[in-house]
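Summary of structural features
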Amino acid sequence: MPFFPGAQRAYEFARGGKLGRLLEVVSCFHHSSDLDPHKPANWKRQNLTCGKGGVLNDLGMHACHLPLRLGWKPTRLFAQLQNGYRQRPDGQGGMADCDTWDNALLHTWVRVENEEVPLRLEMKRLAPGATNTWSIEILGTDGGVRFSTAEPKSLWVFERNGEQWWKRTNLGFSTPFKTITGGIFEPGFADVIQQMWAAYLMEREGKLGGRFGCATPEEAVASHEIFAAALESQAQGSVVTL
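Being a predicted model, the structure only gives us computed values, none of them experimental.

Where strand β9 (residues 154–161) lies against strand β10 (residues 163–170), eight bridges are found, and the strand directions are antiparallel. Bridging across to β10, Leu155 finds its partner in Thr169. Linking β9 to β10, which pair antiparallel, is a turn of one residue; within it Gly162 sits at a positive phi near 80°.

What follows concerns the packing of helix α3 (residues 55–69) against helix α5 (residues 217–236). The N-to-C vectors of α3 and α5 enclose an angle of 120°; their axes lie 9 Å apart at closest approach. When the axes of α3 and α5 are compared, the pair comes out oblique. When you trace α3 past α5, the crossing you get is right-handed. Counted together, Leu56, Asn57, Gly60, Met61, Cys64, His65, Leu68 and Arg69 of α3 and Glu219, Ala220, Ala222, Ser223, His224, Ile226, Phe227, Ala230 and Leu231 of α5 form the full contact between these two elements. Of the residues that constitute the contact of α3 with α5, the class distribution is ten nonpolar, five polar and two charged.

A few words on helix α4 (residues 189–204). Along its 16 residues, α4 runs 23 Å from first to last C-alpha, staying within 8% of the 22 Å computed at 1.5 Å per residue. Val192, Gln195 and Ala199 are the residues of α4 that are buried. Seen end-on, α4 carries its buried residues on one side only, within an arc spanning 45°. When the buried face of α4 is taken as reference, the exposed residues oriented beyond 90 degrees from it are Ala190 and Arg204. Buried residues in α4 make contact with α1 (5–15). Immediately beyond the C-terminal end of α4, within one or two residues, lies Gly206, with a positive phi of roughly 75°.

Even without being glycine, Glu113 reaches a positive phi, approximately 50°. Mapped onto the fold, Glu113 is located in the loop between β5 (103–112) and β6 (115–124). Using a relative accessible area of 72% as the deciding quantity, one classes Glu113 as exposed.

A word on the side chain of Thr133. Topologically, Thr133 is positioned in strand β7 (residues 132–140). In this view, Thr133 contacts Cys28, Phe29, His30, Ser148, Thr149 and Ala150; residues no more than four positions away in its chain are not counted.

Moving on to the side chain of Ser135. When you line up the elements, Ser135 lands in strand β7. For Ser135, a relative accessible area of 18% puts it in the buried group. Here Ser135 is in contact with Val26, Ser27, Cys28, Phe147 and Ser148, once residues within four sequence places are set aside.

So, on to the nonpolar core. Core analysis: the biggest nonpolar cluster contains 51 residues, and Trp72, Leu106, Met123 and Ile138 have the highest contact counts within it. With sequence-adjacent residues up to four places away left out, Ile138 is seen in contact with Ala10, Ala14, Leu19, Leu22, Glu24, Val25, Trp72, Gly143, Gly144 and Val145.

With four bridges joining them, strand β8 (residues 144–148) and β9 adopt antiparallel strand pairing. The residue of β9 that forms the bridge with Arg146 is Trp156. What sits between β8 and β9 in their antiparallel hairpin is a turn of five residues.

Cut-off values and rules
- Residues numbered from 1 in each chain as written.
- Predicted model: local features only at pLDDT ≥ 70, side-chain atom pairs only at ≥ 80, totals over all residues.
- Heavy atoms only, no water.
- Pairing = 2+ DSSP bridges.
- Helix = DSSP H or I, 4+ residues; strand = E, 2+ residues; numbered from the N terminus.
- Axes fitted to C-alpha atoms, helices over the stretch in contact; angles between N-to-C directions.
- Parallel < 35°, antiparallel > 145°, perpendicular 65-115°, else oblique.
- Left-handed = near helix turned anticlockwise from the far one by under 90°.
- Contact = heavy atoms within 4.5 Å.
- Nonpolar A, V, L, I, M, F, W, Y, C, P; charged D, E, K, R; others polar.
- Expected span 1.5 Å × (residues − 1).
- Buried < 20%, exposed > 50% of the residue type's maximum accessible area, 1.4 Å probe, protein only.
- Arc of directions from axis to C-beta.
- Core = buried A, V, L, I, M, F, W, Y, C linked by side-chain atoms within 4.5 Å.

Okay, structure coming up:
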């Protein structure tokens, strides 16, 4: 998801230092496949096979990837975890217990230029209206940027100069790794997964340069440190320091 042109532009805005003092960051991955209570249980619905993190293990890295790449690892967090349906059909005429977390809101603090900034991480299997939606919003005193795969062509940029406004740019095929596709065309999932493969291959050859790369083992470890703290916070009902 971060290889969509809009996500890449949001990343460049964030690391370009043009947003002023950061006020808030929201990074999300939502879908709604579990809204149907008649959907049979599978490996994702039980701690035995999905792990105690549930949706954190399932969708969490999607929400953490870009913030961690920017160096925004939480120092403290408070978690709100939710189990949507505690039982589902087992596919054999009976019911199966579902003991895993379906939705997660992680209210965290990160340090950016020696200032604490709220970062909210959202991972949801039950998000009404969503299909498979990744989004990022970064707000600062001097500007902001917002992108969602629900509107894959649209990049929203906040500006202020006496007045203040949100500006929408209709993006074309402006990918970091060039292809034979012209810039006037619109990228889709098949295009951005090729961008991810290209990033992997270029990084393996030492030719990635300053371009956005795939999640690293270090970032994966950091994400699981966040998830472990979230489980601790949920169990204690308190803020946990990482």
